Amino acid sequence: MHVRKFEADTLDEALKDIKAQLGPDAIILKTITNKGLKGAFKKKKIEITAAISERSYVKKDRVDQVLSSEQKEQFYSNDSSYISNMIDGHSENQKLEKSMSSTVGYGKAGLNKQVNSVATKAKDLSSKLKSSLDDFLSHEQESEINEQEQMSLDSFEDAMMEETSVPHQYEEPRRASNDYVEVHNNQHSNVSNEEIEVQKKKIDELEKQLYALTKNVEKLEKKEASGIYQLRTTLKSLDISDNFIRSIIKKATFELTEDDQDNPDIVFEFALREMLGEVETAMPLFSSLTEENAPVVTVMISDSSCGQTSMVQKLGALKSDAVIIRNLKVGEKKGPDFTEKMFGIDVVTVDSIAEIVSQTRKSVENGKSVFIDYKNMNSDLNDIKKFIDGMRRAFKNVEVLITLSAIHSEIYNRKVISRYGSLANGMIVSNLDLCLNFGALFNLSIEVENLPFKFFGTGEVVPDDIESATAERVLAGIFQLN
């Protein structure tokens, strides 16, 4: 069996090709109509897979060998039943090949002889049809014909002639897609004009959306604009996350015009606006709480060498009515250091969690805010969680902040966040004045949920080198803006 796929703009063109290439006895195996997004990338709208048996193909080939190109075109433009009978008659006549060698045309080849059984065969074929034009069109909308309901090309064309009541030999080529609504109206007169108009409007809307989508896809396939390219390379050099770079480039490609995409200034201005919205910041609870005489307990936790002690000292110096509670490490001396004495900071040192709770309760009852400089003594995470949960149950206004250092690597800071992130309400960053990679801080902000930056430490001077966290401060460090 010979199997071939035919592609054409219309159904009539595809059937004409099948008849000329495989003959009228071809079997329709599969029909696909390329519509929607799929059709935008296909050159042809109709795809039909057809097949013919070896025996029928050999009979047709014998006829094709004795016909010129012009004769073939004229011969295969006839009715399928007529062509089939002529091919069968030619195969049965053993003398045709000799007569064809001495004549011009195919008049004596037995192809034009009167066939008395055409009407009878056409009637038999009509009685054997398994599907009407309505069935075929419904299958065509579903993109394929069920292989169990295959029909011959001859039967397929006869079914189309019966449904439209137009003799095939006088039938003009129909547009498979544009005239479908009119044919459907003639076949189903019970469909109201209003429903037809609604369907037409839906089709028009879908075509508009497909056109817009096609234009956007064409934009993506074009060479990248110079402004977009500069933004991509710049962000990558600043260690910005690849996921964020892809996201912002995609958004700029769809929202900016082609001329704007070639302008680096416009592209970078767009990127700055987007990045400002990504950095999450918030005021610390001890600054934002408006209720009078409402002391706040701020617990600051971190691993070692994060600059947490100096940050707590700066906060204690800013709030004159605050108390700093610090748990001691093994071998650490008791009592305040020189800075705490200079600024008169009230510092209480303790040896256990029980003492932390006791001193905190005492300070809160006196109406003082408390900053707890909690040093992790390699404690188990469950012990730290129990301590935090106990503080939140015992006191009303409790905020837990993770202390990060801007001079540490992004990997180290991620490790600290992953350890304490579920317990905390926000983050503070020390040593921002020594930061060499602001891109790492930006990545932490966009990838860690519900942990905004609260404030930044920007130097060694107590208490001046501390400021509220802002997105502008991070972006100024990334792009080295003054």
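This one's a predicted model, so the numbers in the text were calculated from it and none came from an experiment.

The rules behind the values
Residues numbered from 1 in each chain as written. Predicted model: local features only at pLDDT ≥ 70, side-chain atom pairs only at ≥ 80, totals over all residues. Heavy atoms only, no water. Phe/Tyr/Trp six-rings, centres within 6.5 Å; stacked < 30°, edge-to-face > 60°. Helix = DSSP H or I, 4+ residues; strand = E, 2+ residues; numbered from the N terminus. Buried < 20%, exposed > 50% of the residue type's maximum accessible area, 1.4 Å probe, protein only. Core = buried A, V, L, I, M, F, W, Y, C linked by side-chain atoms within 4.5 Å. Contact = heavy atoms within 4.5 Å. Pairing = 2+ DSSP bridges. Axes fitted to C-alpha atoms, helices over the stretch in contact; angles between N-to-C directions. Salt bridge = Lys/Arg side-chain N within 4 Å of Asp/Glu carboxyl O. pLDDT = per-residue confidence, 0-100. Right-handed = clockwise from strand over helix to strand, strands pointing away.

Trainee: It is not clear to me how the packing of aromatic side chains should be interpreted in this structure. Could you clarify?
Mentor: Each aromatic ring pair is specified by the distance between its two centres and by the angle formed by the two planes. Evaluation of the coordinates by the stated rule reveals six aromatic pairs. Here Phe-286 and Phe-371 contribute two aromatic rings whose centre-to-centre distance is 5.2 Å and whose plane-to-plane angle is 80 degrees, an arrangement assigned as edge-to-face. A residue pair is termed long-range when its members are at least 10 positions apart, and Phe-286 in helix 16 (residues 285-288) and Phe-371 in strand 8 (residues 370-375) qualify at 85 residues. The class of Phe-371 is buried, set by a relative accessible area of 0%. A network of ring pairs unites the aromatic residues Phe-286, Phe-371 and Phe-455 as a single cluster.

Trainee: Which parts of the structure should I look at to understand the nonpolar core?
Mentor: For soluble globular proteins, the rule of thumb is that nonpolar side chains tend to be buried together. Core analysis: the largest hydrophobic core is formed by 60 residues, its most contacted members being Met-275, Val-299, Ile-372, Phe-442 and Ile-478. Apart from the residues within four sequence positions on either side, Met-275 is in contact with Leu-235, Ile-240, Phe-244, Ile-248, Phe-442, Leu-475, Ile-478 and Phe-479. In this structure, Met-300, Ala-322, Ile-324 and Ile-428 belong to the second largest nonpolar core, which totals 15 residues.

Trainee: It is not clear to me how the environment of Lys-236 should be interpreted in this structure. Could you clarify?
Mentor: Tracing the backbone shows Lys-236 in helix 12 (residues 226-237). Taking C-alpha positions, Lys-236 is 9.5 Å from Gly-439, a pair spaced 203 residues apart along the chain.

Trainee: Sorry if this is basic, but what is going on with the pairing of strand 7 (residues 346-350) here?
Mentor: The two faces of a sheet get side chains in turn, since along a regular strand they alternate between them. Within strand 7, four of the five residues are buried, which leaves it mostly tucked inside the rest of the structure. The sheet contact formed by strand 6 (residues 323-327) and strand 7 spans five bridges and is parallel. By the bridge assignment, Val-323 is partnered in strand 7 with Asp-346.

Trainee: I keep staring at the sheet that holds strand 6 and nothing clicks. Help me out?
Mentor: Strand pairs in the sheet, formed through backbone hydrogen bonds, run parallel or antiparallel to each other. Strands sit in the order 7-6-8-5-9-10-11-12 across an open sheet of eight strands; the sheet is mixed. One side of each edge strand has no neighbouring strand; the edge strands of this open sheet are strand 7 and strand 12 (466-468). Each strand of the sheet is rotated relative to its neighbour by a mean of 25 degrees, with strand direction disregarded. Here four bridges tie strand 6 to strand 8, and the two strands are oriented parallel to one another. Among the inter-strand pairings, Ile-324 is bridged to a residue of strand 8, identified as Phe-371.

Trainee: I'm lost on the pattern of salt bridges in this one. Help?
Mentor: Any two side chains of opposite charge can pair if their charged atoms end up close together. If you walk through the whole model with that rule in mind, you get 11 salt bridges. Of the charged contacts in the structure, one is a salt bridge between Glu-410 and Arg-414, with a shortest N-O distance of 2.7 Å. Pair noted here: Glu-410 and Arg-414 are both in helix 21 (residues 410-420), with a separation of four residues, about one helical turn. The partly exposed category is assigned to Arg-414, whose relative accessible area is 32%. The structure contains a network of salt bridges with shared partners spanning Arg-326, Asp-373 and Lys-375.

Trainee: Would you explain the confidence of the model for the protein in this entry?
Mentor: Regions with low pLDDT carry predicted coordinates that are not meant to be interpreted in detail. The predicted model of the protein averages 76 in pLDDT, with 72% of residues at 70 or higher. Element-level mean pLDDT values for the protein span from 43 in helix 8 (residues 133-141) up to 94 in strand 9 (residues 398-405). Every residue in residues 163-185 is under pLDDT 50, and counting partners more than four places away or in other chains gives 25 contacts.

Trainee: Quick question: what am I supposed to make of the pairing of strand 11 (residues 453-457) here?
Mentor: Of all the five residues making up strand 11, five are buried; the element is thus mostly covered by neighbouring parts of the structure. Sheet topology note: the strand 10 (residues 426-430)/strand 11 ladder contains three bridges and is parallel. Looking at the pairing, Ile-428 lines up with Phe-455 of strand 11. Each parallel crossover has a hand, and for strand 10 linked through helix 22 (residues 438-447) to strand 11 it is right-handed.

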